[in-house]
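The residues making up each chain are set out below.
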Amino acid sequence: MTTEQPGKAGGAPPRTLAEDLRARGDEALAVLLRARPDLLSPVPNDLTQLATRAATRASVVRALERLDRFTLQTAEALAVMPDGGPYAVLRALMTGDAGDSATAGALPKALESLRAQGLVWGGEDRLRLVRTARDLLAPSASVPSPTGLGPSVAEATSGMSPARLQEILADVGLPATHDPMSAVTALAGLFSDRKRMKKLLATAPEGATGALGKLAWGPPYGEVGDATVPVRAATAATPVQWLLARGLLLPAGQHNVVLPREAALHLRAGRAHRTVEPAPPAVTPVEHAPQAVDGTAAGQAFNAVRTVEELLKAWQTGGPAVMRAGGISVRDLKRIATELDVSETMAAFWLELAYAAGLLASDGELDEAYAPTPASDDWLRLPAQERWTALAGAWLSATRTAGLVGSRDAKGRALSALGPELDRSLAPEVRRRVLELLAALPEGASAAPAELLERLRWDRPLRGGAGTDALRAELLRWTVTEAELLGLTGRGALAGHARPLVGPAPAAGRGRRGGTTPDAEAAARLAPLLPEPLDHVLLQADLTAVAPGPLEAPLAEMIGVLADIESKGGATVYRFTPASVRRALDAGQTAADLHAFLAEHSRTPVPQPLSYLIDDVARRHGRLRVGAASAYLRCDDDALLTELLADRRASGLGLRRLAPTVLAAQSAPETLLERLRAMGFAPAAESADGDVVITRADAVRTPRRAAPTPVTDGPPVPDGTLLSAAVKAIRAGDRASTAVHRESVPAPAAGGGLPRTAAAETLATMQAAVLTGDSLWIGYVNAEGAASQRVIGPVRVEGGFVTAYDHTADEVRTFALHRITGVSELADEPA
């Protein structure tokens, strides 16, 4: 709904940004707050405070950084034109004397974008750039303008003597004036007049026009011998002196001169920029078959899910220690790279992805180490397509950048995987923008990274300030690689199942038509492309099992405990060894359980060697029992203990016999178990009660951990519900602060003080308003001593309290009468 304020119906031009915002509709305010979410932290009390906050330097800088190149060029042109100038002047600066239809056609949209973001206000007859933006973009001696223009004639002659100004007027053939201001105006008018300037430059000596041409496109400053000595036309001996005598060059220091802005615009044929870019650089599509793209991406998506599963499995009994500075060591990174059969760079990516998804974290113990989180168990129980959407969503929003692992920080320290200093706030924006550009191409089309980079530079030329272009190029390179690894793209083109994740979310949240979320839609598109999980393996006589495809989760978990992965690919080969069978027995399985499991899930008969292996390991498993004394070892077969005492390999364990069936050891139980297993025995750990300790693969988990919060450089974009509530609160606060009260009430103190009335008058006015249903303007001081103005509609007065509808807060509230400083009837009811 559009809300017009009283007094604006007649079309009077706004005098301030606050008045301009007051005349805008609610939807326009919502657009402003959505484009600049920092203005909502916290929600402004009224439109005056919103306008003040929108003009602060930090907020304006953030807004300028999010402008595309053409919109930024429009703002730069506004900064060099006179403040409050008409639209025609802006169009002339952007299109030049010859005109440019493409620029002229794109200019209204760029100007509307600046207006929507609160950087420009006023009508087309009086355009005003926010003062802070003008200060940032306008030319100055210390910070040159991106346009390459210098100061205006008025700015360049601000310290010049009146007599010298009159001499310049005489030398260019202009009549004398009565004051310096009119002299400056006359000189600027001459330089802005194309015909008169052309006539003046036609009389210039050889070399003068060339000197001006060197300064025309910037920088506008040049160096001379001595610019402070006044030069007259009659005595000018050089081209530079000829220009100084006529004010075409003006002194900017003892040895420097500057080309005035008006003269430079004449030399440029009226253009503020040498090259105007009204349209973004083209991104040329490279066609691929959509089916091939989706198939390739689906295969990568499945591989991504399986790789993260293997990573969690590798660390499920405890991961590497956390270094003192954070992260894992280079040795541990190499170890996990070997286990995953990938490069160290790729291992760092998978680690950071699992960490960003909340599947890995540090356990927080005294000897801190990494381990899977409880959320990883929930993730492993999901279907493969839903596991993939969780990984893809985490990657899109994460600010942690795996590509930085191995590089050096500002102090020369190496950046480690899972360590600090890996967050880059630019990363999510680059990732999403790259995928959006691919989504805009025809289905199955890819694009050259160089063209994508040029488009990113056009989209956000100021993003992050100077020195970030190299980072943006690196982020683009990493994004292209990581999107392919993750299965968001195939052959460089965006996959069909990734498009729902890239498309814009609805204004009110992530819900879509029919209640479908982007994640659910992406999972539904991916599911038919993934291989069906199998419920069987093929056992072979060489103690291996072949899984011809992905296995169902319970089967994969059990076979992963019973056997070791020997090779991966389209089919996974598992190998059964005494150690792997013992691992299954340690996890609580019996030989009968293992025989039944293999018979149920094998499409081939269970080979005899495998049955013998299971029975042999099971027969020896648990005959030796290791417990804690320092450690002890017991066995019902005293001959076996005698054999162990005589074994030279056990000399370092400090074994001695306590009883025919019990040995004591000086080593810890964990060390004793490990050494005995290395010697070929199959010992079992024993509890204090004498029971076998079952060691499960999922024994190590961190406490509940939330996924790391992205480190952004500003607040997130508010959703529709928050925007609607914020606009309503700002409107209500503005009505309260600008409410017109009856003139009979004493005016508030200077600076916007609260209304003041006696307690008896306050009570009487409240009671009358309850009967008549009128709204009142009150001053109120809360329990913390904070004073505010409010517009209320009293409903009930009793017990020293007033129950009223608070238009400012848009809710019914109770006010203490003794905290009301004064009350006034409104001349007009609030809308």
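In what follows, the structure referred to is the one given above.
Residues numbered from 1 in each chain as written. Predicted model: local features only at pLDDT ≥ 70, side-chain atom pairs only at ≥ 80, totals over all residues. Heavy atoms only, no water.

Trainee: Pulling in residues and values, what's your account of the packing of helix α22 (residues 449-459) against helix α23 (residues 469-486)?
Mentor: Two numbers describe how α22 lies on α23: the axes approach to 10 Å, and their chain directions differ by 135 degrees. Regarding the angle of α22 to α23, the classification is oblique. Considering only the axes of α22 and α23, their crossing is right-handed. From α22, Pro449, Leu452, Leu453, Leu456 and Arg457 reach across to α23, where they touch Asp469, Arg472, Ala473 and Leu476. For the contact of α22 with α23, a count of residues per class yields six nonpolar, no polar and three charged. (Axes fitted to C-alpha atoms, helices over the stretch in contact; angles between N-to-C directions. Helix = DSSP H or I, 4+ residues; strand = E, 2+ residues; numbered from the N terminus. Parallel < 35°, antiparallel > 145°, perpendicular 65-115°, else oblique. Left-handed = near helix turned anticlockwise from the far one by under 90°. Contact = heavy atoms within 4.5 Å. Nonpolar A, V, L, I, M, F, W, Y, C, P; charged D, E, K, R; others polar.)

Trainee: Break down empty space enclosed by the protein for me, citing the residues and quoting the values.
Mentor: Within this structure, the stated rule accounts for four cavities of 30 Å³ or more. Surrounding the largest cavity, Phe349, Glu352, Leu353, Ala356, Trp395, Ala398, Arg400, Ala402, Arg431 and Glu482 form its lining. Among the elements that take part in the lining of the largest cavity, helix α18 (residues 344-356) stands out by supplying four residues, more than any other. Its residues assigned to classes, the lining of the largest cavity comprises six nonpolar, no polar and four charged. In terms of lining residues, the second largest cavity is bounded by Pro139, Ser140, Pro144, Ser145, Gly148, Leu149, Gly150, Pro220 and Tyr221. Here the lining of the second largest cavity is composed, by residue class, of five nonpolar, four polar and no charged. (1 Å grid on protein atoms, 1.4 Å probe; cavity = no way out; pocket = protein on both sides within 12 Å on 5 of 7 lines; lining within 4 Å. Points joined across faces, edges and corners; volume = space filled by probe spheres on them.)

Trainee: Which residues make up unusual backbone geometry, and what values go with them?
Mentor: The step from Ser41 to Pro42 runs through a cis peptide bond, and the omega angle for that step is -5 degrees. Residue placement: Pro42 occurs in the loop between α2 (26-35) and α3 (47-54). Each neighbour pair has its own omega, and for Gly218 with Pro219 the value is -5 degrees, a cis peptide bond. When you line up the elements, Pro219 lands in the loop between α13 (208-216) and β3 (221-223). The backbone phi angle of Arg491 is positive, close to 55 degrees, even though this residue is not glycine.

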